[in-house]
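What follows is the residue order along each chain.
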Amino acid sequence: MTNEEIFEKKIQDEVRIEPKDWMPEAYRKTLIRQISQHAHSEVVGMLPEANWITRAPTLRRKATLLAKVQDEAGHGLYLYSAMETLGMPRSQAIDDLLSGKAKYSSIFNYPTLSWADMGTIGWLVDGAAILNQVPLCRTSYGPYARAMVRVCKEESFHQRQGFEIMQSLCEGSADQKAMAQDAINRWWWPTLMMFGPRDAESGNTELSMKWRIKRFTNDELRQKFVDMMVPQAQFLGLTIPDEKLKWNADKNGYDFGDVDWDEFWKVVKGQGPCNKQRLEARNKAHDQGAWVREAAAAYAEKRAKREKIGASA
Amino acid sequence: MNALTDYTLHLADNQLILGQRLCEWCGHNFVLEQDIAMSNIALDLIGQARSYYQYASKLDGKKSEDDLAMLRGEREYKNLLLLEQPNGDFANTLARQFFYDVFHLFQLEDHLKSSDESLRAIAEKAVKEVRYHVTWSSEWMIRLGDGTTESHARLQHAVNKIWMWTGEMFEASAFEKDLIEKKIISNPKDFKLSWDQKIQEILTEATLKLPLEEPYQHGGKDGLHTEHLGYILAEMQSLQRTYPGLAW
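Residues numbered from 1 in each chain as written. Chains lettered and ligands numbered in written order. Predicted model: local features only at pLDDT ≥ 70, side-chain atom pairs only at ≥ 80, totals over all residues. Heavy atoms only, no water.

Asker: It is not clear to me how the overall build of chain B should be interpreted in this structure. Could you clarify?
Answerer: The helix and strand inventory of chain B stands at 11 helices and 0 strands. Over its C-alpha atoms chain B spans a radius of gyration of 18 Å, differing by no more than 12% from the 18 Å that the globule rule assigns to 248 residues. Expressed along its principal axes, the backbone C-alpha trace of chain B runs to roughly 55 × 40 × 30 Å. By the burial criterion, 60% of the 248 residues in chain B qualify as buried. Carbon and sulfur atoms make up 53% of the accessible area of chain B, which amounts to about 10,000 Å² in all. In chain B, 26 positive and 38 negative side-chain charges are present, and the distance between their average locations comes to 3 Å. (Helix = DSSP H or I, 4+ residues; strand = E, 2+ residues; numbered from the N terminus. Rg over C-alpha atoms; globule rule 2.2 N^0.38 Å. Buried < 20%, exposed > 50% of the residue type's maximum accessible area, 1.4 Å probe, protein only. Areas by Shrake-Rupley, 256 points an atom, 1.4 Å probe, with all protein chains shown as cover. Lys, Arg positive; Asp, Glu negative; His and termini not counted. Charge placed at Lys NZ, Arg CZ, Asp CG, Glu CD.)

Asker: Sorry if this is basic, but what is going on with the overall build of chain A here?
Answerer: Looking only at helices and strands, chain A has 13 helices and 2 strands in total. Compactness check: chain A gives a C-alpha radius of gyration of 22 Å against a globular reference of 20 Å for 313 residues, within 12% of the reference. In terms of its C-alpha atoms, chain A occupies a principal-axis envelope of roughly 75 × 55 × 30 Å. Relative to its 313 residues, chain A shows a buried fraction of 55%. Look at the contacts in chain A between residues 6 or more apart in sequence, and 76% of them connect residues 24 or more apart. (Contact = heavy atoms within 4.5 Å.)

Asker: Quick question: what am I supposed to make of the nonpolar core here?
Answerer: If you look at soluble globular proteins, the nonpolar side chains tend to sit buried side by side. Membership of the largest hydrophobic core comes to 178 residues, with the highest contact counts inside it found for A:Tyr27, A:Trp115, A:Trp123, A:Trp188, B:Tyr53 and B:Phe90. Leaving out residues up to four positions away in the same chain, A:Trp115 has contacts with A:Trp52, A:Ala56, A:Pro57, A:Arg61, A:Leu65, A:Ile165, A:Leu169, A:Met179, B:Leu239 and B:Trp248. (Core = buried A, V, L, I, M, F, W, Y, C linked by side-chain atoms within 4.5 Å.)

Asker: Sorry if this is basic, but what is going on with the pattern of salt bridges here?
Answerer: Any two side chains of opposite charge can pair if their charged atoms end up close together. Residue and element names in this part refer to chain A. A full pass over the atoms with the stated rule returns 35 salt bridges over all chains. Notably, a salt bridge pairs Asp117 with Arg186, separated by 2.7 Å at the nearest N-O pair. Within this pair, whereas Asp117 is found in helix H6 (residues 116-133), its partner Arg186 is found in helix H8 (residues 174-193), the two being separated by 69 residues in sequence. Since its relative accessible area comes to 0%, Asp117 is described here as buried. (Salt bridge = Lys/Arg side-chain N within 4 Å of Asp/Glu carboxyl O.)

Asker: Would you mind going over the interface of chain A and chain B with me for this structure?
Answerer: By a widely used convention, the size of an interface equals the accessible area lost when the partners come together. The interface of chain A with chain B comprises 47 residues on the first partner and 47 residues on the second. When chain A packs against chain B, close to 4,000 Å² is buried across both sides, 69% of that on carbon and sulfur atoms. Looking only at chain A, the three residues that lose the most surface to chain B are A:Thr54, A:Leu59 and A:Trp291, adding up to 20% of its buried area. Inspection of the chain A/chain B interface yields 3 salt bridges. The salt bridge partner of B:Asp146 is A:Lys302, with a shortest N-O separation of 3.1 Å. At the boundary of chain A with chain B, the tally comes to 15 residue pairs in polar contact (both at pLDDT 80 or more). Of all the secondary structure elements, the ones that give two or more residues to the side of chain A that touches chain B are helix H3 (46-50), helix H4 (59-84), helix H7 (142-170), H8, helix H12 (275-288) and helix H13 (290-312) of chain A. The element best represented in the side of chain A that touches chain B is H4(A), accounting for 14 residues. In terms of residue class, the side of chain A that touches chain B is made up of 27 nonpolar, 9 polar and 11 charged. (Buried area = accessible area lost by both parts, 1.4 Å probe. Polar contact = N/O pair within 3.5 Å; in protein donor to acceptor, adjacent residues only side chain to side chain. Nonpolar A, V, L, I, M, F, W, Y, C, P; charged D, E, K, R; others polar.)

Asker: I keep staring at the side chain of A:Ser41 and nothing clicks. Help me out?
Answerer: For A:Ser41, the location among the structural elements is in helix H2 (residues 25-44). Excluding residues within four positions of it along the chain, A:Ser41 makes contact with A:Tyr104, A:Ser105 and A:Phe108.

Asker: It is not clear to me how the environment of A:Leu136 should be interpreted in this structure. Could you clarify?
Answerer: All names here are of chain A. If you trace the backbone, Leu136 turns up in the loop between H6 and H7. The buried category is assigned to Leu136, whose relative accessible area is 8%. For the pair Leu136 and Ala297, spaced 161 residues apart in sequence, the C-alpha separation works out to 36 Å. Non-local contacts of Leu136, meaning those with residues more than four positions away in its chain, are made with Gln34, His38, Tyr144, Ala145, Met148 and Ile213.

Asker: Where do I start with the packing of aromatic side chains in this structure?
Answerer: Centre distance and the angle of the planes are the two values used to describe a pair of aromatic rings. Tallying each qualifying case throughout the model produces 27 aromatic pairs over all chains. Ring plane angle 80° and centroid distance 4.8 Å describe the contact between A:Phe264 and A:Trp265, whose orientation is recorded as edge-to-face. Taking relative accessible area as the criterion, A:Trp265 reaches 32% and is therefore assigned partly exposed. Their ring planes at 25° and their centres at 6.2 Å tell us that B:Phe106 and B:Phe191 sit as a pair that is stacked. Of the two residues, B:Phe106 sits in helix H5 (residues 90-111) while B:Phe191 sits in the loop between helix H8 (174-181) and helix H9 (192-205), which places them 85 residues apart along the sequence. Judged by its relative accessible area of 10%, B:Phe191 is buried. Site record: aromatic cluster; members linked through ring pairs are B:Phe98, B:Phe99, B:Tyr100, B:Phe103, B:Phe106, B:Trp163, B:Phe170, B:Phe191 and B:Trp195. Above the ring of A:Phe216, the side-chain terminus of A:Lys224 is found at 4.4 Å from the ring centroid. Looking at B:Lys192, its charged tip hangs above the ring of B:Phe170, at a distance of 5.4 Å from the centre. (Phe/Tyr/Trp six-rings, centres within 6.5 Å; stacked < 30°, edge-to-face > 60°. Lys NZ or Arg CZ within 6 Å of the ring centre and 35° of its normal.)

Asker: Even after reading the chapter, I still don't get the packing of helix H5 (residues 90-99) of chain A against H12(A), so can you show me in this structure?
Answerer: Two numbers describe a pair of packed helices, the interaxial angle and the distance between the axes. Residues and elements named next belong to chain A. Contact geometry of H5 with H12 gives a least axis separation of 9 Å together with a crossing angle of 130°. Relative to H12, H5 is oriented oblique. Only Leu279, Arg282, Asn283 and His286 of H12 make contact with H5, whose side of the interface consists of Ile94, Asp95, Leu97 and Leu98. The class makeup of the residues in the contact of H5 with H12 is 4 nonpolar, 2 polar and 2 charged. (Axes fitted to C-alpha atoms, helices over the stretch in contact; angles between N-to-C directions. Parallel < 35°, antiparallel > 145°, perpendicular 65-115°, else oblique.)

Asker: Just checking my understanding: could you explain unusual backbone geometry for this structure?
Answerer: What you tend to see is this: most non-glycine residues have negative phi, and most peptide bonds are trans. Within the chain, A:Arg212 stands out as a residue other than glycine whose phi angle is a positive 55°. Summarising the element assignment, A:Arg212 is placed in the loop between helix H9 (205-210) and helix H10 (218-236).

Asker: Could you clarify how one ought to interpret the confidence of the model for chain B in this entry?
Answerer: Caution is warranted with low-pLDDT regions, since their predicted coordinates should not be read in detail. Looking at chain B as a whole, the pLDDT averages 97, with 100% of positions reaching at least 70. Under the prediction, the complex receives an ipTM of 0.97, its pTM being 0.96. (pLDDT = per-residue confidence, 0-100.)

Asker: Any chance you could explain helix H6 (residues 117-145) of chain B here in plain terms?
Answerer: For an α-helix the count is 3.6 residues per turn, leaving residues at separations of three or four pointing the same way. Residues and elements named next belong to chain B. Helix length check: H6, at 29 residues, gives a terminal C-alpha distance of 40 Å against a target of 42 Å (1.5 Å per residue), a fit within 8%. The sharpest bend along H6 comes to roughly 35°, located at Ala126. The N-cap residue of H6 is Asp116: its side-chain oxygen and the backbone nitrogen of Ser118 are 3.2 Å apart. (Expected span 1.5 Å × (residues − 1). Bend = angle between axes of the 7 residues up to and from the residue.)

Here you go:
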């Protein structure tokens, strides 16, 4: 069998592809793109939530939110490590993020304007992320699949904490309920955009499905998400901001309105409310830490030298 | 208020204010590994603050943990002035952390011998966490002090700048004197020498100089703070102040 045939057979037989296995260049490239985007999303995604850690209303909420954002840094690390097994160094991927060349999830280009946004991000945004990510635990590339198993466990905890924040607000005062409704009004549509463009316009879907990197199409996942969230919103007493939302018994799912694709593409291309702010924050952190990274490297080198001299003496 | 409540609040405020400062770094750190490490330290401190506030709440009998954290003003906060100083660059954050961590560990080791059961129980858990904090900050002091010319200069500058706030740790306030008399805690002056030795040991390895002047600023324990605390509280307490009396 040729390398290509061995690879195809493994994919068909659901045998994981491992770093040292032969793989088509396009498969490697697709994975590097997807995993690095995913890692960048975790890292940039820390910013909108970190925006509220210092203002969390109680100490318990503060600690939980901080722990959650810390988990996201951890997810970034697992994912960069999985990406490195494909031959892409972390430093290069980060340079691509900082220069604006690499993409990350557009959802993080929206602002967090109230405490209810912490609940909504956990509940809706992490809920959408889980739907995207659970199938990735069975993705064909071994290191990615294994990283995703850990990520998904933590994400489901995040979603619960988000839902719990929403529940407290919805059971609270009129101000708190209004805060929760305002948050879902602002986050609902951007969250539906997280599943990516419609299948007909998604350039990467077909090949990714064939290689079993992806298991469901964007539109399938979007439908699943709406079907899952409508009863939860009803339970909370919140209104989903979509007049076309309606149960369709024939398809055993909800019909829903169309995403504003013009806005989607504008935000992807850099015109969202926070694209510049997020990239500036990452660049600032990176630049201001340059001297620390240099010092750590210089010290490690000095130490290695001293140890060498010590060993030969 | 009795001395034990005041002292417990002082300990709670110390951990919360430093934890809050470290929270400002979250998401904005220079490398992911350190974002995780510093968030860990912040989580430890906020967890300790919660234990102290819960104990203070029990002693006080009226106010809850969150009332004590979110509804007391600047003149009621009793944290050390050192801990409310702004983050500045990483060198500044680190120098502040290092001076406090070393003190904090001696203080907790003293609480392990306290006749007060709750202080002892909190210390038993916290001492393990703070041992790690001391290791973390000591290693970074050495790494940056003995790193490049720039890192050495930045850290020496930070040490010189932050030094003036360190004296307060060893000066017993009225509530501490009361507890010292009752043999609930030792006089913090008793571990000043050990603190000096540990600081000197690390600074020497880091090729840094200990500032010569006597640090004399104090007031935090009695609610007399620097301009910085007002902003920390304004931010931290904003939701509870805007929407009083709600559950979150």
